[in-house]
Amino acid sequence: PKQSRDPRAETPKHPLPQPPGFAAMTGKTAAPATEPAPATPKKEPVPTPKEEPAPAPAAEEPPAPEHPPAAEQPTVPTDKPAPVPTAEVTPAPEEGPLAPSAEPQAPAPEPKPEKPKAEPPSSPLSLAVEEVSENSVTLTWKAPEQTGHSGLDGYMVEICKDGSTGWTAANKEPFLSTRYTIQDLSSGDKIHVRVKALSASGASVPATLEQPVLIREILQLPRIRMPRHLRQTYVRHVGDAVNMMIPFQGKPQPEVIWTKGNQPLDTSRINIHNTQKDTIFYIREAQRSDSGKYELTVRINGAEDKATLDIRVIEPPGPPQNLKLVDVWGFNVALEWIPPVDNGNSEIKGYVVQKSDKKSGKWFTALERCTRTSCTISDLIIGNTYSFRVFAENACGLSEKAAVTSGVAHIKKTKTAYQPEKIPQRDMMEPPKFTQPLTDRTTTRGYSTHLFCCVRGFPQPKIIWMKNQMEIREDPKYIAMIEQGVCSLEIRKPSPFDGGIYTCKAVNPLGEASVDCKLDVKGKI
């Protein structure tokens, strides 16, 4: 009875500080105090800063250890002191106005959910079987085009037996390699395989093999050995036979599949013959409709090899269209046309232009392989009338028909009259003028000598020679000459008597001029 009264008698003495001190000193009585605490978990930190002075009364609680019987009997105090903390906790709402001050700040982190959701990566590419054995399959693929911002965490390989719908993971954890071998498979089973790309944002759409894989050993993987001349476009003419043999390898015997545009071949026109080592593609008479890309697939239990064969069947093109005679001038003709409607399933290499004159009626090539759709024909004969035609040419040859001009070109004769150039007449009349005068000379008796001077004038002036102002007439001792305006006087074997002043005078209707010189004749020593 005293033990039950002691806590009640002590609680009125210390209504506020005792419960926290009591809970700190006795671990067992603290348990019931924590039970009502979850009702106000957020309000407990609020009064704690204000109850900091609580340690002071803790020093006043030495009598608390004097009552060990309260701790020794947890059943009695746990039932009765329970209402005591509740009574003490209830005043906490009075100090609660401080808590709402913190609650309005809670909406601040609300913008965080507005982050856009990351998209998962795209599917892996080019999933294929690399090798098959009696109990395993080796797969290869390429990384997806889109991996997301966080990047790839790895790949997950899943398998499903043929006829079942349940997919099971072949690998326990994601891996980053693009090659994986599935082990511990049963020989003879057919399995479907798919691969997923994984990232932090999720898994991609799986990449799945088109055909199930038969688990059995492949001694030799299928491989097509395409001949070199078939690696390029194979060109044949309409009506020619198409006969191609394409070797391949693979063990056991591979399955050979031919398609065109993902559709089976028309066996009424195309014959396929397969052997253990090659396949033969044969068309008896090729038509333009046989042109296109053919796909050859050699497959063994999901492992396969593919090759594409491009066949083009060509024929001569149609004739050019709308040939026009654009212009005719002098010896030249201008032509113009447009390309043919049908190019014969081959590129037009050029055009051949021919001409024909009306007199002979024969066609002659004027231009060979003209690459444009217009041209000029030159060096035509005056007076002839010409017609023109144009052939189109491709890899198969010239077009069977030609485009012919509707009109003809007549090269007219042009009359030309010679008109001499009119040269303006110039007045060449000029009075005599000496350009080189006479010079004084000294000579020896008995030795002939010459006197020279130059004169010009039009009409040509008359030259008169004088000695001492006396005109020299027909005297055999003197010889006077004039050539190209150069005047000369030869004195043959002069004597001292022949010395004196010699004068050359030039006279024409416009005037006269004269020059003179002195001649000395010395005797012999």
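Details of the structure are given in the entry above.
A brief report on the enclosed structure follows.

Calculation criteria
- Each chain has its residues counted from 1, running along the sequence as written.
- Reporting in this predicted model follows two pLDDT cut-offs: at least 70 for local features of residues, and 80 or more for side-chain atom pairs to be given and counted; totals over whole chains, interfaces and linings ignore these cut-offs and use all residues.
- Just so you know, side-chain values use all the structure's heavy atoms and leave hydrogens and water out.
- One requirement defines pairing of two strands: DSSP has to find at least two bridges between them.
- Every helix listed is a DSSP run of H or I at least four residues long, and every strand listed is a run of E at least two residues long, numbered separately from the N terminus.
- For this analysis, a nonpolar core means a set of buried residues of the types Ala, Val, Leu, Ile, Met, Phe, Trp, Tyr and Cys, connected via side-chain atoms within 4.5 Å.
- A 1.4 Å probe rolled over the protein chains alone gives each residue an accessible area, and that area as a share of the maximum for its type sets the label: buried under 20%, exposed over 50%, partly exposed in between.
- By definition, residues are in contact when any of their heavy atoms lie within 4.5 Å.
- Criterion for a salt bridge: a side-chain nitrogen of Lys or Arg within 4 Å of a carboxyl oxygen of Asp or Glu.
- Two cysteine sulfurs form a disulfide in these notes if their separation is within 2.5 Å.
- Helix axes are fitted to C-alpha atoms over the stretch in contact, other axes to C-alpha atoms as well, and angles between N-to-C directions run from 0 to 180 degrees.

**What about the sheet that holds strand 31 (residues 462–467)?**
The strands that make up a sheet are held in pairs by hydrogen bonds between backbone atoms, and each pair lies either parallel or antiparallel.
Reasoning step 1: Pairing is mixed in the open sheet, where five strands are placed in the order 29-36-35-31-32. The outermost strands of the open sheet, each flanked by one partner alone, are strand 29 (441–444) and strand 32 (470–471).
Reasoning step 2: One ladder, built from six bridges, connects strand 31 with strand 35 (residues 500–508); its direction is antiparallel. Among the inter-strand pairings, Met466 is bridged to a residue of strand 35, identified as Thr503.

**Some points on the nonpolar core**
Reasoning step 1: Counting residues in each nonpolar core, the largest one holds 24 residues, and the members touching the most others are Val137, Leu139, Trp141 and Val157.
Reasoning step 2: Breaking this core down by element, the ones donating at least two residues are strand 1 (125–132), strand 2 (137–142), strand 3 (152–161), strand 5 (179–182) and strand 6 (190–199).
Reasoning step 3: Of all the elements, strand 6 adds the most residues to this core, at four residues.
Reasoning step 4: Contact partners of Trp141, with chain neighbours within four places excluded, come to Pro124, Leu125, Ser126, Leu127, Tyr155, Val157, Phe175, Ser177, Thr178, Arg179, Tyr180 and Val195.

**Points about the pattern of salt bridges**
Reasoning step 1: In total, this model carries 14 salt bridges according to the counting rule given.
Reasoning step 2: Between Lys306 and Glu304 there is a salt bridge, with its nearest N and O atoms 3.8 Å apart.
Reasoning step 3: Taking relative accessible area as the criterion, Glu304 reaches 35% and is therefore assigned partly exposed.
Reasoning step 4: For Lys505, the salt bridge is made with Glu512, and the minimal N-O distance between the two is 3.6 Å.
Reasoning step 5: A cluster of three or more residues bridged by salt bridges with shared partners is formed by Glu158, Arg194 and Lys196.

**Some remarks on the state of the cysteines**
Reasoning step 1: Overall, the coordinates contain zero disulfides when judged by the stated rule.
Reasoning step 2: Of all cysteine sulfurs in the structure, the one in Cys375 sits closest to Cys370, which takes part in no disulfide; the separation is 5.2 Å.
Reasoning step 3: Using a relative accessible area of 12% as the deciding quantity, one classes Cys370 as buried.
Reasoning step 4: Note on Cys453: no disulfide assigned, nearest cysteine sulfur contributed by Cys504 at a separation of 3.6 Å.
Reasoning step 5: Given a relative accessible area of 1%, Cys453 falls into the buried group.

**Looking at the environment of Gly350**
Reasoning step 1: Mapping Gly350 onto the fold places it in strand 21 (residues 350–357).
Reasoning step 2: Setting aside its immediate chain neighbours within four residues, Gly350 contacts Arg369, Cys370, Phe391, Ala392 and Glu393.

**Thoughts on the pairing of strand 23 (residues 374–377)**
Reasoning step 1: Side chains of strand 23 alternate between two faces, with Cys375 and Ile377 buried and Ser374 and Thr376 left unburied.
Reasoning step 2: Of the pairings in the sheet, the one linking strand 20 (residues 332–338) to strand 23 comprises four bridges and is antiparallel in character. Pairing of Leu335 across the sheet is with Cys375, part of strand 23.

**Describing the sheet that holds strand 2**
Reasoning step 1: Read from one edge to the other, the open sheet built from three strands follows the order 1-2-5, with strand pairing classed as antiparallel. With one partner strand each, in any of the chains shown, strand 1 and strand 5 form the two edges of the open sheet. The sheet shows a mean angle of 25 degrees between the axes of neighbouring strands, taken without regard to direction.
Reasoning step 2: As judged from the four bridges shared by strand 2 and strand 5, these two strands associate in the antiparallel manner. Bridging from a neighbouring strand, Thr140 pairs with Arg179 of strand 5.

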